[in-house]
There are 2 protein chains.
Amino acid sequence: MNDGAPATLRVAVLGCGVVGTEVVRRLLTNASELHARTGTRLELVGIGVRSTATPRDPVVPTELLTEDLRGLATSADIVIELMGGIEPARGLVTGALAAGASVITANKALLAQHGPELYEAADAARVDLFYEAAVAGAVPVVRGVRESLAGDKITRVLGIVNGTTNYILDEMTSGGLDFEKALAQAQELGYAEADPTADVEGLDAAAKAAILASLAFHSRTSLDDVPVQGITSISPEDIASAAQTGHVIKLLAIAEQGTYDGVGGLAVRVHPALVPVEHPLASVRGPFNAVFVEAEAAGTLMFYGAGAGGEATASAVLGDVVAAARHRVNGGKAPSESAHAALPPMPAQAVHTRYQMRLDVLDVPGVLAEIAAVVAAHGVSIETVRQGMRDPDEGAALVIVTHSASESALAATVADLDTLEVVERITSILRVEGT
Amino acid sequence: MNDGAPATLRVAVLGCGVVGTEVVRRLLTNASELHARTGTRLELVGIGVRSTATPRDPVVPTELLTEDLRGLATSADIVIELMGGIEPARGLVTGALAAGASVITANKALLAQHGPELYEAADAARVDLFYEAAVAGAVPVVRGVRESLAGDKITRVLGIVNGTTNYILDEMTSGGLDFEKALAQAQELGYAEADPTADVEGLDAAAKAAILASLAFHSRTSLDDVPVQGITSISPEDIASAAQTGHVIKLLAIAEQGTYDGVGGLAVRVHPALVPVEHPLASVRGPFNAVFVEAEAAGTLMFYGAGAGGEATASAVLGDVVAAARHRVNGGKAPSESAHAALPPMPAQAVHTRYQMRLDVLDVPGVLAEIAAVVAAHGVSIETVRQGMRDPDEGAALVIVTHSASESALAATVADLDTLEVVERITSILRVEGT
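What you see is a predicted model; the values in this text were computed from it and never measured.

Enquirer: Mind showing me how you'd approach the overall build of chain A here?
Expert: Check the secondary structure of chain A and you find 14 helices and 16 strands. Computed over its C-alpha atoms, the radius of gyration of chain A comes to 24 Å, within 12% of the 22 Å expected for a compact globule of 435 residues. Expressed along its principal axes, the backbone C-alpha trace of chain A runs to roughly 85 × 50 × 35 Å. Going through the 435 residues of chain A one by one, you find that 59% of them count as buried. Of the accessible surface of chain A, which amounts to about 15800 Å², a share of 52% is contributed by carbon and sulfur atoms. Each charge class in chain A can be summarised by its mean position, and for the 30 positive and 53 negative side chains these summaries are 8 Å apart.

Enquirer: What is the right way to read the interface of chain A and chain B from this model?
Expert: Size of an interface: often given as the accessible area lost when the parts come together. Between chain A and chain B, the residue contacts involve 50 residues of the former and 50 residues of the latter. Summing both partners gives a buried area of about 4300 Å² for chain A against chain B, and 49% of it is carried by carbon and sulfur. Along the contact surface separating chain A from chain B lie eight salt bridges. For Glu 296 of chain B, the salt bridge goes to Arg 26 of chain A, with nearest N and O atoms at 2.9 Å. Applying the counting criterion to the chain A and chain B interface returns 21 residue pairs in polar contact (both at pLDDT 80 or more).

Enquirer: Help me understand helix α10 (residues 203–216) of chain A in this model?
Expert: Think of an α-helix as turning once every 3.6 residues; residues three or four places apart then point the same way. All names here are of chain A. With 14 residues, α10 ought to run about 20 Å at 1.5 Å a step, and its terminal C-alpha atoms sit 20 Å apart, in line with that. Across the 14 residues that make up α10, a large majority, 13, are buried. Trailing α10 by a residue or two, His 218 shows a phi angle of about 50°, which is positive.

Enquirer: Got a minute to help me understand the relation of the copies chain A and chain B in this structure?
Expert: You can overlay chain A on chain B at an RMSD of 0.0 Å; the transform is a turn of 180° with a shift of 0.0 Å along its axis. Taken together, the rotation angle and the small translation identify this as a two-fold axis. Take the interface residues of chain A: 100% of them recur as interface residues in chain B, which is what a same-surface contact looks like.

Enquirer: It is not clear to me how the sheet that holds strand β5 (residues 102–105) of chain A should be interpreted in this structure. Could you clarify?
Expert: What holds strands together in a sheet is hydrogen bonding between their backbones, with the strands either parallel or antiparallel. All names here are of chain A. In spatial order, the strands read β3-β2-β1-β4-β5-β6; together these six strands make up an open sheet with parallel pairing. Of all the strands in the sheet, just β3 (65–66) and β6 (129–130) have a single pairing partner and so form its edges. Of the strand pairs in this sheet, strand β1 (residues 8–14) and strand β4 (residues 78–81) are connected by four bridges, and their pairing is parallel. The residue bridging Val 11 from the neighbouring strand is Ile 78, located in β4. The strands touched by helix α1 (residues 18–29) are β1, β2 (41–48) and β4; relative to β2, the strand with the most contacts, the crossing angle is about 150°.

Enquirer: Just to check I follow, could you spell out the domain arrangement of chain A for this structure?
Expert: Residue and element names in this part refer to chain A. As assigned here, chain A comprises domain 1 (2–138 + 310–330), domain 2 (141–305) and domain 3 (351–432). Put simply, the middle of domain 2 and the middle of domain 3, counted by C-alpha atoms, are 25 Å apart. In this complex, domain 2 contributes 19 residues to the contact, which on the side of domain 3 involves 11 residues. Counting each side, the surface lost to burial between domain 2 and domain 3 is near 1300 Å², with a carbon and sulfur contribution of 54%. Of all residues in domain 2, the largest losses of buried area upon contact with domain 3 belong to Asp 238, Ser 241 and Leu 274, amounting jointly to 37% of the total for that side. If you look at where domain 2 meets domain 3, you find one salt bridge. Across the pair Arg 358 and Asp 238 runs a salt bridge, and its minimum N-O distance is 2.9 Å. Where domain 2 touches domain 3, the interface holds six residue pairs in polar contact (both at pLDDT 80 or more). Mapped by element, the contributors of at least two residues to the side of domain 2 that touches domain 3 are α11 (236–244), β8 (247–260) and β9 (263–276). Partitioned by chemical class, the residues of the side of domain 2 that touches domain 3 number eight nonpolar, seven polar and four charged.

Enquirer: Help me understand helix α5 (residues 108–125) of chain A, please; the structure alone is not making it clear to me.
Expert: Residue and element names in this part refer to chain A. In this model, α5 (18 residues) spans only 22 Å end to end at C-alpha, well below the 26 Å of a helix rising 1.5 Å per residue. If you look at α5, its biggest bend is around 90°, right at His 114, and the proline Pro 116 turns up within four residues after that. Those residues of α5 lying buried are Leu 110, Leu 111, Ala 112, His 114, Gly 115, Leu 118, Tyr 119 and Ala 122. Elements that come into contact with the buried residues of α5 comprise β4, α4 (89–98), β5, β6 and α10.

Enquirer: Help me out: how do you make sense of the nonpolar core in this one?
Expert: Nonpolar side chains tend toward joint burial in soluble globular proteins. Of all hydrophobic cores here, the largest spans 163 residues; its most connected members are Val 141, Ile 154 and Ile 168 of chain A together with Val 141, Ile 154 and Ile 168 of chain B. Beyond its immediate chain neighbours, meaning those up to four positions away, Ile 154 of chain B contacts Val 145, Leu 149, Ala 216, Phe 217, Gln 257, Val 293, Glu 294 and Ala 295 of chain B.

Enquirer: Whenever I open this one, the sheet that holds strand β3 (residues 65–66) of chain B confuses me. Can you help?
Expert: Residues and elements named next belong to chain B. Strands sit in the order β3-β2-β1-β4-β5-β6 across an open sheet of six strands; the sheet is parallel. In the strand order of this sheet, the two ends are held by β3 and β6 (129–130), each with one partner. Bridging between strand β2 (residues 41–48) and β3 involves two bridges; their strand directions are parallel. Among the inter-strand pairings, Gly 48 is bridged to a residue of β3, identified as Thr 66.

Enquirer: How should I be thinking about the packing of aromatic side chains in this particular structure?
Expert: For any pair of aromatic rings, the description consists of the separation of the ring centres together with the inter-plane angle of the planes. All names here are of chain A. Evaluation of the coordinates by the stated rule reveals seven aromatic pairs over all chains. Seen in terms of ring centroids, Phe 288 and Tyr 304 are 5.1 Å apart; in terms of plane orientation they differ by 10°. Their pairing is stacked. Placement of the pair is Phe 288 in strand β10 (residues 288–295) and Tyr 304 in strand β11 (residues 299–306), with a sequence separation of 16 residues. The partly exposed category is assigned to Phe 288, whose relative accessible area is 25%.

Enquirer: I'm lost on the UniProt feature "binding site: NADP(+)" (unreviewed entry) in chain A in this one. Help?
Expert: All names here are of chain A. The UniProt feature table records "binding site: NADP(+)" (unreviewed entry) at Leu 14, Gly 15, Cys 16, Gly 17, Val 18, Val 19, Gly 20 and Thr 21. Position of Leu 14 relative to the elements: it lies in strand β1. When its relative accessible area of 0% is taken as the criterion, Leu 14 is described as buried. In this fold, Val 19 is placed in helix α1. When near neighbours in sequence (up to four residues on either side) are disregarded, Val 19 contacts Leu 82, Gly 310, Thr 313 and Ala 314.

Enquirer: Explain the pattern of salt bridges here, please?
Expert: Two side chains with opposite charge may pair up if their charged atoms get near one another. Residues and elements named next belong to chain A. Applying the stated criterion to the full structure yields 50 salt bridges over all chains. Across the pair Asp 204 and Lys 208 runs a salt bridge whose closest N-O atoms are separated by 2.8 Å. Residue Asp 204 and its partner Lys 208 are both found in helix α10; the two are separated by four residues, about one turn of the helix. Across the pair, exposure class does not vary: Asp 204 and Lys 208 are buried alike. Put simply, Glu 424 and Arg 390 hold a salt bridge, and the shortest N to O gap is 2.8 Å. Taken together, the residues Glu 424 in strand β16 (residues 423–432) and Arg 390 in the loop between β13 (382–387) and β14 (396–402) connect sequence positions 34 residues apart. Through salt bridges with shared partners, one network takes in Arg 156, Glu 256, Arg 269, Glu 294 and Glu 433.

Enquirer: I tried to follow the pairing of strand β14 (residues 396–402) of chain B on my own but got confused; where do I start?
Expert: Every other side chain in a regular strand lies on the same face of the sheet, so the side chains alternate between the two faces. All names here are of chain B. Of all seven residues making up β14, seven are buried, and the element is well covered by its neighbours. By the bridge criterion, six bridges tie strand β12 (residues 352–361) to β14 in an arrangement that is antiparallel. When the sheet's bridge partners are listed, Arg 358 is paired in β14 with Val 399. Taken together, the five bridges between strand β13 (residues 382–387) and β14 define a ladder with antiparallel strand orientation. Within the sheet, the bridge partner assigned to Ile 382 lies in β14 and is Thr 402.

Thresholds, definitions, all that
- Residues numbered from 1 in each chain as written.
- Chains lettered and ligands numbered in written order.
- Predicted model: local features only at pLDDT ≥ 70, side-chain atom pairs only at ≥ 80, totals over all residues.
- Heavy atoms only, no water.
- Helix = DSSP H or I, 4+ residues; strand = E, 2+ residues; numbered from the N terminus.
- Rg over C-alpha atoms; globule rule 2.2 N^0.38 Å.
- Buried < 20%, exposed > 50% of the residue type's maximum accessible area, 1.4 Å probe, protein only.
- Areas by Shrake-Rupley, 256 points an atom, 1.4 Å probe, with all protein chains shown as cover.
- Lys, Arg positive; Asp, Glu negative; His and termini not counted.
- Charge placed at Lys NZ, Arg CZ, Asp CG, Glu CD.
- Contact = heavy atoms within 4.5 Å.
- Buried area = accessible area lost by both parts, 1.4 Å probe.
- Salt bridge = Lys/Arg side-chain N within 4 Å of Asp/Glu carboxyl O.
- Polar contact = N/O pair within 3.5 Å; in protein donor to acceptor, adjacent residues only side chain to side chain.
- Expected span 1.5 Å × (residues − 1).
- Least-squares fit on C-alpha atoms with pLDDT ≥ 70 in both.
- Pairing = 2+ DSSP bridges.
- Axes fitted to C-alpha atoms, helices over the stretch in contact; angles between N-to-C directions.
- Domains from an automatic or database assignment.
- Nonpolar A, V, L, I, M, F, W, Y, C, P; charged D, E, K, R; others polar.
- Bend = angle between axes of the 7 residues up to and from the residue.
- Core = buried A, V, L, I, M, F, W, Y, C linked by side-chain atoms within 4.5 Å.
- Phe/Tyr/Trp six-rings, centres within 6.5 Å; stacked < 30°, edge-to-face > 60°.
- UniProt positions renumbered as here; feature names shortened; annotations may be inferred.

Structure (structure tokens):
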């Protein structure tokens, strides 16, 4: 394309919510910088919306609004999809790619469910499909994993990729709030939505985990491959108990290589976990996001920043717009998202990790021996046992941390412990990560 | 170039020290992954060394060693320069670019001194010049700043870009060592060289600051534009005093926009500074590096990882090799390092920051009033004053933190304080950053 570098590229924005408005603002107000950085003029040719009658921010030029989403998506050089959800976004993106447009999207649900078909469509059309804003907002982890680590082998990704839950856990940790109060506070501050389900149940994080796993391990991981546990059952006692041994509780999106029956596999999951306070992820505060990557040669890397918000997300979108525009000016396209080294998904039961179990037990002699025998019978070995916090009148409590054990061995252990008379209640089971 | 995608790209490595050996190892052992990721075979055609007689790691194929550096540099598609120093590296890189090769370099000294002429040579030849490994080792900050933030406006960069000094300061902080002991320990562990001057005097950090500033602010900043202060005068008392107010001392490379006489300018500098413990940079421990970036839309981002070491540096080099190879296969080149928005350098005296001054003073009435009057006379305002640590028999000590003040106002204040009879000694002056 060098011989015919375009003087102007036609840019379409689909969706004009908070992020869309910010993208429009920056396309218009930073036009000369964007021209200098891309070598071409980026002309905003239309803003696709469901209804042109909805009131908009004054920065949005009314004359560019259109309800003809399909027409707009198939008549631009660069299409920015910010509508969210599966349809009509999926059809519009597919149509835009087929029409030869480069597509930028912030739509994690779409990518987590239909990523592979979209990557293939982009490859077939020899155009870019970029999505930095879909994972961890402004944090440039997609580019970091795809390009900077392209000559390395990633072995594990641990991410705090949901700001709402990180804010809630942080307030529970530093402010001593319980989950309900911390959630209410997050909602007041706009960090959590009125219906917080997708965040607190870990579903948002799971979509990002699927995208990150696909990218880091050149695999085809979809949302269905990601077992999820949210943070609604995390109690102030869990937080306090973690603090006693120098840990904080974080909701982690994890993708890692493992072996199962001697065969390499990829395990992806989302759950709350104890993280040692000295781990870089432990100091990620409030609504921030961070992705910690372990690679064979690079060692450990971390990408940190704002995981949400109109402006931050717009920054990531515009970085992708500049990259796509440069490709259209200078020739070239981003590498394929090929699954050339695809690892098979590992069954969840085969995942090995350390566990912390809190148990309420009878305060009688021989309790520990009895419990230890059950744990040992399942081949799980105990790293530490300590006394948990409990009113002495009510009985005793134990906190057991295991060495690395498989999910299935742990589940069997828990089932057996639950039948012991000396065990009144299994208060919580949490994984320990980052060690 | 799409129509004639090469089946093989000829790769030359110049220099075969620790990093060169790791790069050779990974080029050879990961050949099939690299082929899958680039779409072409990367053929290692030669390893340029000063003497083929020097013993090498067994991984290095002896038959590829050559002393004909110039011939090798001008006969490959991708040239990886890992020799360090200015000459012959500069001539070899220039020759390679002129011959149409894409160049990857980890040579910070070369870029800090001759970056602009090399970027222009790469642009003229329409080839890539990549240097991720030259700043903060494996930490992908060059790509992050150049590409991910290409649609944003960076306002400030704060970096811990020298692992040796970070290790020393960290040991002084957590282990209570003095500078000499911490340096000796760093040398024992291989984190500091026998001659540590370039690290502890801040010169290594200054070269990286110049490169980062050029990149983040589209400017032409060279090493000569960077005032430098190292860490050799940092005392255990400085560390302890910083801790009392919730700060740690870090050696920072700083590039920021400011105004001087109403005109925008770019201030670049390297010096130790107090950083609040809750700042993400404060928890960067040991020999790690991190670069904290503030941008208009993205807000704050941080890139963290291993700043040195053969393997980590090789990872960054290979990420660049893959990017350059993809460009040669798919067409395209990286964007120019144009200085289109170049800010003029700001005079060092115009830089505004907060200061912490520690003074030994006479223990007599009216001392504070006298000192406060001198400070106020220079238009500097005091944020806090507290009693410093000193043996009461010897007199009193004061720790004064100022509001933001210009370097010149501070210098004049200090000069005047030094003439006061009540001031026995100005023990230390440190800047406070990250707020």
